[in-house]
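The lines below spell out each chain.
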Amino acid sequence: MPETIFSKILRGEIPCHKVYEDDHVLAFLDINPISRGHTLVIPKESAATLDQLSDEASAAIGRVLPRLARAVLAVTGAPAYNVLQNNGASAHQAVFHVHFHIIPKHADGSGLGIGWPSGKLDDGSALAAQIAGKL
Ligand code: AMP
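Notes on the structure in this doc start here. (Residues numbered from 1 in each chain as written. Predicted model: local features only at pLDDT ≥ 70, side-chain atom pairs only at ≥ 80, totals over all residues. Heavy atoms only, no water.)

**Considering the site of the ligand**
Around the ligand sit 16 residues in total, of which Asp-30, His-92, Ala-94, His-99 and His-101 are the nearest. One of the side-chain N or O atoms of His-99 is found 2.7 Å from an oxygen atom in the ligand. For the ligand, an oxygen atom lies 2.8 Å from a polar atom in the side chain of His-101. Of all elements in the fold, only helix H1 (5-10) and strand E2 (25-29) reach the threshold of two or more residues within the shell around the ligand. Considering every element that reaches the shell around the ligand, the biggest residue donor is H1, with 3 residues. Of the residues in the shell around the ligand, the class split is 9 nonpolar, 6 polar and 1 charged. (Near = heavy atom within 4 Å. Polar contact = N/O pair within 3.5 Å; in protein donor to acceptor, adjacent residues only side chain to side chain. Helix = DSSP H or I, 4+ residues; strand = E, 2+ residues; numbered from the N terminus. Nonpolar A, V, L, I, M, F, W, Y, C, P; charged D, E, K, R; others polar.)

Encoded structure:
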């Protein structure tokens with residue numbers, strides 16, 4: 001598991017603006033926010049990408065994400081938000097320790113901009129069955 005800036009934050013070797021911590025999860029403000037209130041939620045478990053994360057660590061994040069989102073919305077007054085989770089350099093991941101972004105979308109339009117190049121689902125039955133077969 002490569003050393004990352006988030007490992008250092010977890011060990012307390014570099015500071016962060018912490019908003020939440022429990023036995024499995026740490027949440028803190030993003031140092032280069034896309035919008036006011038941009039918060040990162042990370043597992044304490046070391047895993048580079050979400051697919052490598054244990055069920056226990058995943059569950060711990062899932063348990064607190066909605067609560068953190070509510071707090072961010074309450075403080076910023078944002079009417080909407082995105083939860084973003086990048087995996088792999090080509091998918092815009094820069095820090096190789098799993099993290100979820102909570103990014104408020106403010107009334108002034110600040111927040112995440114998303115391209116959504118939607119297509120047509122041709123082979124849904126076969127594809128769904130293939131994926132289900134890997135679980
Ligand atoms: P990603 O592109 O999904 O890997 O996002 C990594 C995020 O980590 C970026 O939004 C950075 O601004 C953020 N980041 C990097 N270093 C720090 C740090 N020391 N404290 C807080 N956020 C950081």
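**Things to note about the pattern of salt bridges**
Think of it this way: side chains of opposite charge can pair up when their charged atoms draw near. The final tally for this structure, using the stated rule, is 6 salt bridges. Between Glu-3 and Lys-8 there is a salt bridge, and its shortest N-O distance comes to 3.8 Å. By relative accessible area, which is 45% here, Glu-3 ends up partly exposed. With relative accessibility at 31%, the residue Lys-8 sits in the partly exposed group. Because the salt bridges share partners, they merge into one network encompassing Glu-3, Lys-8, Arg-11 and Glu-13. (Salt bridge = Lys/Arg side-chain N within 4 Å of Asp/Glu carboxyl O. Buried < 20%, exposed > 50% of the residue type's maximum accessible area, 1.4 Å probe, protein only.)

**Remarks on the environment of Ala-57**
Structurally, Ala-57 is set in helix H2 (residues 55-76). The class for Ala-57 is buried, based on a relative accessible area of 4%. Placed 12 residues apart in sequence, Ala-57 and Glu-45 show a C-alpha to C-alpha distance of 6.7 Å.

**Section: unusual backbone geometry**
With a phi angle near 75°, His-92 is a residue other than glycine that sits in the positive phi range. Considering the arrangement of structural elements, one finds His-92 in the loop between strand E4 (80-84) and strand E5 (100-105). Taking the relative accessible area as the measure of exposure, His-92 reaches 67% and is therefore exposed.

**Things to note about a nonpolar patch on the surface**
Where nonpolar side chains cluster on the molecular surface, the patch consists of Leu-121, Leu-127 and Ile-131 and spans about 290 Å² of accessible area. Position of Leu-121 relative to the elements: it lies in the loop between E5 and helix H3 (124-133). For Leu-121, a relative accessible area of 63% corresponds to the exposed category. (Patch = residues over 30% accessible without salt bridge, like charges linked within 9 Å, V, L, I, M, F, W, Y side chains within 5 Å. Areas by Shrake-Rupley, 256 points an atom, 1.4 Å probe, with all protein chains shown as cover.)

**A closer look at the sheet that holds strand E1 (residues 18-21)**
Strands sit in the order E1-E2-E3-E5-E4 across an open sheet of 5 strands; the sheet is antiparallel. One side of each edge strand has no neighbouring strand; the edge strands of this open sheet are E1 and E4. Geometrically, the sheet is characterised by an average inter-axis angle of 15° between neighbouring strands, direction not taken into account. Alignment of E4 against E5, held across 5 bridges, turns out to be antiparallel. (Pairing = 2+ DSSP bridges. Axes fitted to C-alpha atoms, helices over the stretch in contact; angles between N-to-C directions.)

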